[in-house]
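Letter by letter, the chains look like this.
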Number of protein chains: 2
Amino acid sequence: MKIFEPERGESLRMYSLRVLRENIITTEFEPGVMLYEKEIATALNVSRSPVREALAELSQFQLIEILPQRGSRVALIDMDLVNEAVFFRTTMEVAIVKLTCTMASEKDLSDLEEILKLQEFYLQNFSKDKFMELDNQFHYSLFKICNKLQCYNMVSKMGAHFDRIRNLSLHVVKDLKLVQDHRDIFHAIKDRDPKKAEEMIRKHLSRIQLDEKEIRKTYPQYFKN
Amino acid sequence: MKIFEPERGESLRMYSLRVLRENIITTEFEPGVMLYEKEIATALNVSRSPVREALAELSQFQLIEILPQRGSRVALIDMDLVNEAVFFRTTMEVAIVKLTCTMASEKDLSDLEEILKLQEFYLQNFSKDKFMELDNQFHYSLFKICNKLQCYNMVSKMGAHFDRIRNLSLHVVKDLKLVQDHRDIFHAIKDRDPKKAEEMIRKHLSRIQLDEKEIRKTYPQYFKN
DNA sequence: GTCAACTAGTATACTAGTATAATAATTTTA
DNA sequence: TAAAATTATTATACTAGTATACTAGTTGAC
C-alpha cells in the first residue's frame, strides 16, 4: 500500500479517500482483494470512521464492493462497467463540446489556447505530470465554459474505471497526438463548428486504448467476467 | 419533518438517507435551512453517524451544503444546477434511447409494452403512486436494456434538483400526455428508428415544467440567485 | 453421507464520548 | 468609539467501544 502524507487543511476523510483511490487505480490494491477498515486506519494513522466514509464513497461508483459486516472488496475489473464509463464520457463530452461552440467567449478561447501552449511546452520538456494535469485542465475547461461542472465531476468519478485498466495497458498513446487533438478541437470551437468539434472529440476519446486481451492473459484473476 | 419507519433489512444509514432526501425534495425541509446531525438523529431515533453519512452522500450532489464544524444547510434552489440536471438527463436519455433502437431484443420490447399497458391501467384507475412508479420503471428499463445502469443511477441522483422545484410547480403535466409520449418512444424503438426516438424523448423530457417565475414570487428566499 | 441447527470467530454498523474548529459574544486597547 | 484580542459557545470531525450480523466450521439427526 502506497501511503502519502495528509495535506494541510485536508480532512482525514478526504485524505483517506485520496489514498484509497490512488491505490486502487494504480492497482497497488489488486482487483478482488479484501480491504479492512481497521488495517487501513492503522496504516494511515487515523480512526476507522474516516476510512469507512471513504470506502462508502468509493462504493457509490462501484470501485469498492461493501460486503455488510464482512469487509470491503476492491472491485474486479468489469469490462461492461469500463465500457459504460467510456460511453458516459463520450456522450457527455460530445454534448459539451457542441455547446462550447456556441457558448465560448473570446476570453474562454484565449484561456483554452493558453492551456494548449503550456501543454506544448511541457511536452517538449518531458514533464509528464504537468502534461497530464494540463490535459485534465483542457477537458475541465470545456465543462466550465458551459457551466456544467457537476457533469464534469461525474465524468471524472466514473473515469476511475478506465484509468485503472489504462494503467495496466502496454501501448500508450503518444502525447503528441493528444496535443494535436486538443488543437483540432480548439479550432473547431473557434470556428463555431459543432459537427467538426464532435468529430474531433470522438476521435480524441477513441484513443483511450485498453489492451484488454493482453492484460487478461497476464492477470486473468483481475477480471469479473 | 416527515418521519417514516425504517424498512425491514434497511440499514440505518439508508434509512436516514431516504428520510432526508424525501424531506428535501418535498421542501418539507425548506431550501436554506440549517440541519443538525444531533436533532435529526434524535428525531429518527438513531445515532449521529448514520445521519452524518447520509448528509455526506447528499452533499455529493449538492443537495446539502456542509459547513465544516458548523452544520449542514439544505441547498438553495440553484437554477443553474437545475438546468444542468435537465441537460444531463436529456443528453443521457437521448443517447440511451438511440442505443435502445439497436439493442432492444424482442423480449425487451414486450417488457416495455407490459409497462405501458399497466400504466394505462393505473391511469384510468387514478392510482398516482403506482403510475409514477411505472413512469420511473419505463425510463429505468431503457437504461437497463443498454446495460447502462450506473448512468441511470447518476441521472436519478441529479434528478433530485428538478424533482424539488417541480414539487413546487403549479401547472402539472397531464399524465395522459406522458403515457402517450411513452407509447411514441416505444414505437420508435420498435421501428428501430433512432431519429424518431430522439425526437420523441426530447419532446417527452421538455415537458418537465418548472414554473420558476411564479415560485420565485411566492418563495424568493428559496433561490440562490 | 447429507443437511440443518448451532456455535465460534470476526469485521462491520452503530453508539457515544472527546477534541477541534468555526462563530459569536465579550473584553481590552488605542 | 471602533478595531483587535480574548473567551465562550456550539456543532462537527474524529476516536474508540459495543452490538450485530455474516461466515465457516462443527455437531447431530435422519
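Residues numbered from 1 in each chain as written. Chains lettered and ligands numbered in written order. Predicted model: local features only at pLDDT ≥ 70, side-chain atom pairs only at ≥ 80, totals over all residues. Heavy atoms only, no water.

Undergrad: Hey, could you run me through the overall build of chain A in this one?
TA: Helix and strand counts for chain A come out as 10 helices and three strands. A compact globule built from 225 residues would reach a C-alpha radius of gyration of about 17 Å, and chain A, at 19 Å, matches this within 12%. Within chain A, buried positions represent 48% of all 225 residues. Taking the intrachain contacts of chain A between residues at least 6 apart in sequence as the baseline, contacts between residues at least 24 apart amount to 73%. Counting every atom, chain A has about 11,700 Å² of accessible surface; 49% of that belongs to carbon and sulfur. (Helix = DSSP H or I, 4+ residues; strand = E, 2+ residues; numbered from the N terminus. Rg over C-alpha atoms; globule rule 2.2 N^0.38 Å. Buried < 20%, exposed > 50% of the residue type's maximum accessible area, 1.4 Å probe, protein only. Contact = heavy atoms within 4.5 Å. Areas by Shrake-Rupley, 256 points an atom, 1.4 Å probe, with all protein chains shown as cover.)

Undergrad: Quick question: what am I supposed to make of the pattern of salt bridges here?
TA: Note that side chains of opposite charge can pair when their charged atoms are close. All names here are of chain B. With the rule as written, the count across this model stands at 45 salt bridges over all chains. Of the charged contacts in the structure, one is a salt bridge between Lys98 and Glu198, with a shortest N-O distance of 3.1 Å. With a gap of 100 residues between them, Lys98 in helix α4 (residues 79–103) and Glu198 in helix α9 (residues 194–205) connect regions that are remote in the sequence. For Lys98, a relative accessible area of 35% translates into the label partly exposed. A salt bridge links Arg216 to Glu212; the shortest N-O distance between them is 3.0 Å. (Salt bridge = Lys/Arg side-chain N within 4 Å of Asp/Glu carboxyl O.)

Undergrad: Is there a simple way to think about the packing of aromatic side chains in this case?
TA: Aromatic rings in a pair are described by how distant their centres are and how their planes are angled relative to each other. Summed over all chains, the structure comprises nine aromatic pairs over all chains. Centroid distance Tyr140 of chain A to Tyr152 of chain A: 5.2 Å. Interplanar angle 85°. Geometry classified as edge-to-face. Here Tyr140 of chain A, found in helix α6 (residues 128–145), pairs with Tyr152 of chain A, found in helix α7 (residues 149–168); they are 12 residues apart in sequence, far enough to count as distant. Residue Tyr140 of chain A is classed as partly exposed on the basis of its relative accessible area, which comes to 33%. Using a relative accessible area of 17% as the deciding quantity, one classes Tyr152 of chain A as buried. An angle of 0° between the planes, with centres 4.6 Å apart, marks the rings of Tyr219 of chain B and Tyr222 of chain B as stacked. Residue classification places Tyr219 of chain B among the partly exposed residues on the basis of a relative accessible area of 29%. Here the aromatic residues Tyr140, Phe143 and Tyr152 of chain A are joined through ring pairs into a cluster of three or more. A cation over a ring is seen here: Lys148 of chain A above Phe87 of chain B, with NZ or CZ 5.0 Å from the ring centre. (Phe/Tyr/Trp six-rings, centres within 6.5 Å; stacked < 30°, edge-to-face > 60°. Lys NZ or Arg CZ within 6 Å of the ring centre and 35° of its normal.)

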